[in-house]
Amino acid sequence: MQTKVRILGIVGSPRQKGNTNCLVDEVLRGAATMGAGVEKVQLDAKKIKLCQGCDQCHKTGACRYDDDMKDLITLMKESDIWVLGTPVYWWGPTALMKKFIDRWYQDYEGLQACGKKKVILVIPYADNDPTTASHTIGMIRSALNWLDKEISAVIEGSGLSARSDAEHDVNLLSRCFYVGIQTVKDLLAD
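What comes next is a walk through the structure. (Residues numbered from 1 in each chain as written. Predicted model: local features only at pLDDT ≥ 70, side-chain atom pairs only at ≥ 80, totals over all residues. Heavy atoms only, no water.)

**What about the packing of aromatic side chains?**
According to the stated counting rule, one finds 5 aromatic pairs in the structure shown. Look at Trp90 and Trp91: their rings are 5.4 Å apart centre to centre, the planes differ by 65 degrees, and that puts the pair in the edge-to-face class. Residue classification places Trp91 among the partly exposed residues on the basis of a relative accessible area of 46%. Linked through ring pairs, Trp82, Phe100 and Trp104 together constitute an aromatic cluster. (Phe/Tyr/Trp six-rings, centres within 6.5 Å; stacked < 30°, edge-to-face > 60°. Buried < 20%, exposed > 50% of the residue type's maximum accessible area, 1.4 Å probe, protein only.)

Structure (structure tokens):
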């Protein structure tokens, strides 16, 4: 019996109604048309403290902080597809997304062991230089490789400087929608 595909969108933008949210929503909407159960998390609405590098998590089995990361990691483990969305801020992910990724350390063995996941990156940025997102994509790709997870799609949105520019980019919205559909199809075919 096939269980329902679960897709988790994680938005690392502080803009509630900005380009990153718009694009992640469209990926999730595409996945939902294939019957996937979708959930979206706004990192700026979560309590996530900075990793202190104290290694308590690996000495005692629990992070020193009692914040929202434990629940977020559980959601990641239970999901089949992760959509990680962050705009590019100074050639890297937002501080929200970087803080979230840094905290994967507290249960990296559990994230490694939770099986294959399809990962979609959604990376909007303001300028039109195709290299602008390369450091953001490279950093996230390296972190995911360490967790034995592979990126199945990267959606870059260039020239999105105003908060609502993505809403008007029909081609980009269509690509996001299609990637959501195709990723669920690919997962079901595996």
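**Structural notes on the side chain of Gln42**
With respect to the helices, strands and loops of the structure, Gln42 is situated in strand β2 (residues 37–42). By relative accessible area, which is 12% here, Gln42 ends up buried. Separated by 3.2 Å, the side chains of Gln42 and Asn21 make a polar contact. In this view, Gln42 contacts Val11, Ser13, Gln16 and Asn21; residues no more than four positions away in its chain are not counted. (Helix = DSSP H or I, 4+ residues; strand = E, 2+ residues; numbered from the N terminus. Polar contact = N/O pair within 3.5 Å; in protein donor to acceptor, adjacent residues only side chain to side chain. Contact = heavy atoms within 4.5 Å.)

Structural measurements only, silent on function.
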